[in-house]
Amino acid sequence: MVKMILNTDIKKGIINKNIYGHFAEHLGRCIYEGIWVGEDSQIPNIKGFRTDVVEALRKIKIPVLRWPGGCFADEYHWMDGIGPKEKRPCMVNTHWGGVVENNHFGTHEFFEFCQLIGAEPYICGNVGSGTVQEMQQWVEYITFDGKSPMADLRRVNGKDEPWSLKYFGVGNENWGCGGNMRAEYYADQYKRYATYVRNFGDNKIYKIAGGASVDDYHWTEVLMREAGKQMDGLSLHYYTRISKDWSKQGSATEFKENEWFSVLQNAFYMEELVNRHATIMDKYDPEKKVGLIVDEWGTWFAVEPGTNPGFLYQQNTLRDAIVAAVHFNIFNNHCDRVQMANIAQMINVLQAVILTEGQKMLLTPTYHIFDMYKVHHGARLLSMEFESPDYALGGDKISQISVSSSQDKEGKIHISICNLSPWQDADIDIDIRGFAPRYATGSIITSHEINAKNTFDAPNNLVIKCLEGIGLVNNHVVGKLPPKSVVMLEIV
Ligand code: AHR
């Protein structure tokens, strides 16, 4: 029996809905085919954007979308992506498969897409191969209301009013594909570029500095020390894989319990990363003004057999769903510092929420976790105490249970719980304190197979179902969590 105490009297911070953000890069079939098919396509579309995708994304209430990369961002020259499409120059997407990028999806299309799905735009600017002037002009083009060369150019391209732009990243992975810089050098570059990311009129930009890779605590230390006062957010990138050794990619769908275990163990590593980066941030920013922005996270496995290795196309199983749920529980529980997170990536790349094949589209198990967890958006984190049993394998062990809980504006309580064991039920008894529950219900995602997935022929293999057997005994919620499951309880 797993005994838990939910203290509704002990209210913690607000869970920033941006924790449920997404990332879409010009990589493989994410933008082209996944989002943009063009107005002349046979695939039903709204002004060139896939209708089925737009509708599915609207349902999970994506708060924020990061674009255009990733590594692509530090090679992207935004002026190539404006004006009449037939006149836009082509470029080679050297990072991702060496394919030709025709720039048909540019700034205007990005803002239109964000508006269609209801997401706040988050643009990542080019520090690696772009100039300060280029970055400055992009912000002016997007946000300046008056008369200026860039605002006038925007008008010529059909947009009279400026857009509102809240989030701007000053470079991406500048320790690697974004310029191979030292932390000390990038900190100076960050300050230089960020100076010219101007606030025009009422538009206030939240500036995000390119942060560390995984456990590069030196990077966080230097950035916070040298530029902490000039940034609103500092990013962190960490991908969950079967091993730290990049040569061991593992299959997204064909795995045994050992790789189920190692992936979930590596997903939990995000907790240590958040704790340790946050501790360094606390030293320079005890008031927690600077947000930790985990703007790339998710699973990274070998590509689907027969697909372009540069396109990073992978399938998605129940294991990915649990990885997502574990991450959300960690981010929710650290909402004092984690202000945004963006899954990599939205469609057809890495841990995607949607996969497409021509006219066909499917929602992955990860999509359903986003759907299930949207109740936490903007809710107040609650205090939860419990001791998890272990899930052990081959002499190693991790927690069997991962949890977070919140109370929404209407007073409803939501508790999200993952049972990571592939074979062991978890009987739970949650003592609800400071609240008189009237009833409790639950929903669940699970399957008999650890590698269950949705396919284009069987797209509803894994969907959210009603959880039976959840009951209230006095002030206790009691029930059984099946093995390998993610459950959302609602207590009213
Ligand atoms: O998400 C794929 C790539 O992973 C991104 O382009 C880059 O930032 C990271 O290394």
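For the structure given in this document, a descriptive report is provided here.

Rules and cut-offs
- Residues numbered from 1 in each chain as written.
- Predicted model: local features only at pLDDT ≥ 70, side-chain atom pairs only at ≥ 80, totals over all residues.
- Heavy atoms only, no water.
- Near = heavy atom within 4 Å.
- Polar contact = N/O pair within 3.5 Å; in protein donor to acceptor, adjacent residues only side chain to side chain.
- Phe/Tyr/Trp six-rings, centres within 6.5 Å; stacked < 30°, edge-to-face > 60°.
- Helix = DSSP H or I, 4+ residues; strand = E, 2+ residues; numbered from the N terminus.
- Pairing = 2+ DSSP bridges.
- Buried < 20%, exposed > 50% of the residue type's maximum accessible area, 1.4 Å probe, protein only.
- Contact = heavy atoms within 4.5 Å.
- Axes fitted to C-alpha atoms, helices over the stretch in contact; angles between N-to-C directions.
- Expected span 1.5 Å × (residues − 1).
- Left-handed = near helix turned anticlockwise from the far one by under 90°.
- Nonpolar A, V, L, I, M, F, W, Y, C, P; charged D, E, K, R; others polar.
- Patch = residues over 30% accessible without salt bridge, like charges linked within 9 Å, V, L, I, M, F, W, Y side chains within 5 Å.
- Areas by Shrake-Rupley, 256 points an atom, 1.4 Å probe, with all protein chains shown as cover.
- Salt bridge = Lys/Arg side-chain N within 4 Å of Asp/Glu carboxyl O.
- Lys, Arg positive; Asp, Glu negative; His and termini not counted.
- Charge placed at Lys NZ, Arg CZ, Asp CG, Glu CD.

Here we take up the site of the ligand. In the vicinity of the ligand lie 13 residues, with E25, C71, E173, Y239 and E296 positioned nearest. Separating an oxygen atom of the ligand from a backbone N or O atom of C71 is a distance of 2.8 Å. One nitrogen or oxygen atom from the side chain of N172 is found 3.1 Å from an oxygen atom belonging to the ligand.

Now for the packing of aromatic side chains. Two descriptors summarise a pair of aromatic rings, namely the distance from one centre to the other and the angle between the planes of the rings. Tallying each qualifying case throughout the model produces 29 aromatic pairs. Pairing Y76 with W138 gives two aromatic rings, centres 5.9 Å apart and planes at 55°, and the pair type is tilted. With Y76 in the loop between β5 (64-67) and β6 (91-93) and W138 in helix α3 (residues 132-143), this residue pair connects regions lying 62 residues apart in the sequence. With centroids separated by 4.9 Å and ring planes inclined at 50°, the aromatic side chains of W78 and Y141 adopt a geometry described as tilted.

To continue, consider the pairing of strand β17 (residues 390-393). Summarising the sheet, β17 and strand β18 (residues 396-399) pair through four bridges and their orientation is antiparallel. Across the sheet, residue D390 finds its bridge partner in β18, namely S399. Between the antiparallel neighbours β17 and β18 lie two residues, among them G394 with a positive phi of about 55°.

A separate point is the side chain of R29. As for its position among the elements, R29 is in the loop between β2 (21-23) and β3 (45-46). Exposure remark for R29: the relative accessible area of 16% places this residue in the buried category. A distance of 3.2 Å separates the side chain of R29 from the side chain of E33, its partner in a polar contact.

Let us now look at the sheet that holds strand β24 (residues 471-473). Spatial ordering of the open sheet is given by β23-β22-β26-β20-β19-β16-β1-β21-β25-β24, a layout of ten strands whose pairing is mixed. Of all strands in the sheet, those with a lone pairing partner are β23 (465-466) and β24, marking the two edges. Contacts from helix α8 (residues 318-333) reach β16 (380-386), β19 (401-407), β20 (413-419), β22 (440-445) and β26 (485-491) within the one sheet, and its direction differs from that of β19 by about 50°.

Spanning 13 residues, helix α5 (residues 183-195) covers 18 Å between terminal C-alpha atoms, matching the ideal 18 Å at 1.5 Å per step. Those residues of α5 that sit buried are A183, Y186, A187, Q189, Y190, Y193 and A194. Against α3, β9 (167-170), β10 (206-213) and α6 (217-227) lie the buried residues of α5.

At their nearest, the axes of α5 and α6 sit 9 Å apart, and the two run at 40° to each other. Between α5 and α6 lies a crossing whose hand is right-handed. Contacts from A183, E184, Y186, A187, Y190 and K191 in α5 reach H218, W219, V222, L223, E226 and A227 in α6. Taken together, the residues of the contact of α5 with α6 break down into eight nonpolar, one polar and three charged.

This part is about a negative patch on the surface. Together, D145, D160, E161 and D202 make up a region of like negative charge exposed at the surface. Among the secondary structure elements, D202 is positioned in the loop between α5 and β10. The class of D202 is exposed, set by a relative accessible area of 78%.

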